[in-house]
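The chain contents come next:
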Amino acid sequence: MKNQMLMLPLLAAASAVPLPGQAQPSDNYPVKPVRIIAPFPPGGSVDTVGRLIAARLTEAYGQNFVIDNRPGASGSIGMEIAANAPGDGYTLVVNTIPLVTNQFLFSRVPYDTLRDFVPVSLLTTTPAIMIAHPSLPAKSVRELISLARARGDALNYGGAGPGTNPHIAGELFNYLAKTNISIIQFKGGGPAMIAAVSGEISLTIPALPDALPFLRAGRLRALGVTSLKRTQQLPDVPAIAETLPGYEFTTWQGLLAPIKTPRAIVTSLSERVKKSLAVTENTKRFADGGLDIVASTPEEFTAHLKKEIEKWGKVIKERGMKAD
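Let me sum up the structure you'll find in this document. (Residues numbered from 1 in each chain as written. Predicted model: local features only at pLDDT ≥ 70, side-chain atom pairs only at ≥ 80, totals over all residues. Heavy atoms only, no water.)

## A word on the overall build of the protein chain
So, point 1. For the protein chain, the count of helices and strands is 12 helices and 11 strands.
So, point 2. For the protein chain, the C-alpha radius of gyration of 22 Å lies close to 20 Å, the compact-globule estimate for 324 residues.
So, point 3. Principal axes of the C-alpha set define a box for the protein chain whose edges measure 95 × 45 × 30 Å.
So, point 4. A buried classification covers 53% of the 324 residues belonging to the protein chain.
So, point 5. Put simply, 79% of the contacts in the protein chain that link residues at least 6 apart link residues at least 24 apart.
So, point 6. Summed over all atoms, the accessible surface of the protein chain reaches about 14800 Å², with 55% contributed by carbon and sulfur.
So, point 7. Computed over 33 positive and 26 negative side-chain charges, the separation of the two mean positions in the protein chain equals 0 Å. (Helix = DSSP H or I, 4+ residues; strand = E, 2+ residues; numbered from the N terminus. Rg over C-alpha atoms; globule rule 2.2 N^0.38 Å. Buried < 20%, exposed > 50% of the residue type's maximum accessible area, 1.4 Å probe, protein only. Contact = heavy atoms within 4.5 Å. Areas by Shrake-Rupley, 256 points an atom, 1.4 Å probe, with all protein chains shown as cover. Lys, Arg positive; Asp, Glu negative; His and termini not counted. Charge placed at Lys NZ, Arg CZ, Asp CG, Glu CD.)

## Section: unusual backbone geometry
So, point 1. The step from Tyr 29 to Pro 30 runs through a cis peptide bond, and the omega angle for that step is -5°.
So, point 2. The topology assignment puts Pro 30 in the loop between helix H1 (2-16) and strand S1 (34-38).
So, point 3. At Ser 74, a residue that is not glycine, the phi angle is positive and equals roughly 55°.
So, point 4. With a phi close to 60°, Lys 178 is a non-glycine residue in the positive phi region.
So, point 5. Relative to the helices and strands, Lys 178 resides in the loop between helix H7 (165-177) and strand S7 (182-185).
So, point 6. The class of Lys 178 is exposed, set by a relative accessible area of 67%.

## Brief notes about the packing of aromatic side chains
So, point 1. Taken as a whole and assessed by the stated rule, the structure comprises seven aromatic pairs.
So, point 2. Each ring, one from Tyr 29 and one from Tyr 61, has its centre 5.8 Å from the other, and the planes form 80°; the classification is edge-to-face. Here Tyr 61 lies in helix H2 (residues 45-61) and Tyr 29 lies in the loop between H1 and S1, a separation of 32 residues in the sequence. Accessibility assignment for this pair places Tyr 29 and Tyr 61 in one class, buried.
So, point 3. Taken together, a centroid distance of 6.2 Å and an interplanar angle of 75° make the contact between Phe 173 and Tyr 247 edge-to-face. (Phe/Tyr/Trp six-rings, centres within 6.5 Å; stacked < 30°, edge-to-face > 60°.)

## Here's the deal with the packing of helix H4 (residues 98-105) against helix H12 (residues 298-319)
So, point 1. Two numbers describe how H4 lies on H12: the axes approach to 9 Å, and their chain directions differ by 40°. It follows that H4 is oblique to H12 by the angle criterion. Considering only the axes of H4 and H12, their crossing is right-handed. Contacts from Leu 99, Val 100, Thr 101, Gln 103, Phe 104 and Leu 105 of H4 reach H12 at Leu 305, Glu 308, Ile 309, Trp 312, Gly 313, Ile 316 and Lys 317. (Axes fitted to C-alpha atoms, helices over the stretch in contact; angles between N-to-C directions. Parallel < 35°, antiparallel > 145°, perpendicular 65-115°, else oblique. Left-handed = near helix turned anticlockwise from the far one by under 90°.)

## A word on the pattern of salt bridges
So, point 1. According to the stated counting rule, one finds nine salt bridges in the structure shown.
So, point 2. The partner of Glu 59 in a salt bridge is Arg 56, and the shortest N-O contact between them spans 3.0 Å. Residue Glu 59 and its partner Arg 56 are located together in helix H2, separated by three residues, close to a single helical turn.
So, point 3. In this structure, the salt-bridge partner of Glu 242 is Arg 230, at a minimum N-O distance of 2.9 Å. Of this pair, Glu 242 sits in the loop between strand S9 (221-225) and strand S10 (250-258) while Arg 230 is found in the loop between S9 and S10, placing the two residues 12 residues apart along the sequence.
So, point 4. Taking the relative accessible area as the measure of exposure, Arg 230 reaches 41% and is therefore partly exposed.
So, point 5. A single network of salt bridges, built from pairs that share partners, joins Arg 35, Asp 68 and Arg 70. (Salt bridge = Lys/Arg side-chain N within 4 Å of Asp/Glu carboxyl O.)

## Some points on the pairing of S7
So, point 1. For strand S6 (residues 156-159) and S7, the ladder comprises four bridges, and the chain directions are parallel. Bridge assignment links Tyr 157 to a residue of S7, and that residue is Ile 183. (Pairing = 2+ DSSP bridges.)

## With respect to the sheet that holds S6
So, point 1. An order of S7-S6-S8-S5-S9 is seen for the five strands of this open sheet, with the pairing classed as mixed. Every interior strand has two partners, whereas the edge strands, S7 and S9, have only one.
So, point 2. Direction of pairing for strand S5 (residues 129-132) relative to S9: antiparallel, over a ladder of four bridges. Among the inter-strand pairings, Met 130 is bridged to a residue of S9, identified as Gly 224.
So, point 3. Relative to S6, H7 is tilted by about 150°, and along the sheet it contacts S5, S6, S7 and strand S8 (203-204).
So, point 4. Taken strand by strand, helix H9 (residues 208-216) contacts S5 and S9, and its axis lies near 35° from that of S5.

As structure tokens, then:
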């Protein structure tokens, strides 16, 4: 009996020792800089939102949250790096619609969205906007449809990679308008925007925040927003749906962590995001950039991902879209 009593403290101590590979939450997390992987180049919506969130989390925790751009393969390269990172809270990843579309477009994707990651928060949503170089004869969606039907596939639009937001938005437009505007893929939204500004391509359909500076400077022309209704940032720009009934495309940006990240850290991050983005100054900063704050719970983001997987899986299959 005495030996059994002596063993109790040892057993208790042993039970508190982390198992190999098992990350443990820390009461004073974070104690070192946190990396947020953005799996696309600088200049696109994922990078923009990632940097805004990194700044807010740096303020909230008093520790640096740093963006690490790892572009390539429509976000798959960065997502694979994140999936293989330790689940200790010091690697996070921010992504958008390719997170749910890549699995339908590529024959092999090196990660599983719901198996390899734990959703932290759906951060923001925003409409995209169809923009054109001023040299394009069409000055409205109606004129674009007429021009595209007359020229066949002579017109083109810029994508940020297979399955990225501009690609999906453009194919939805082709599907509903019965046009065949061809796509030219770039290695991210930033390069596609540069090509549109230079006149290398006719159109592109970026997230609204990416286009606003160029529209305000008069370097690009807005044809229509992809939301069902007009936006407060550009009230004079019609919704594409005003000409093409049923057209709607809303992009989003969300924060995730490797699957083994402790629940306590995931909850802490989600709560800090929500609290930080509720501050009036931050709300205005995001709104001025064309972003609508969501700041969801992990559970709400999980439900959102499941709906997006179902929705875009159907569209991609119906259009016969493939990236390889």
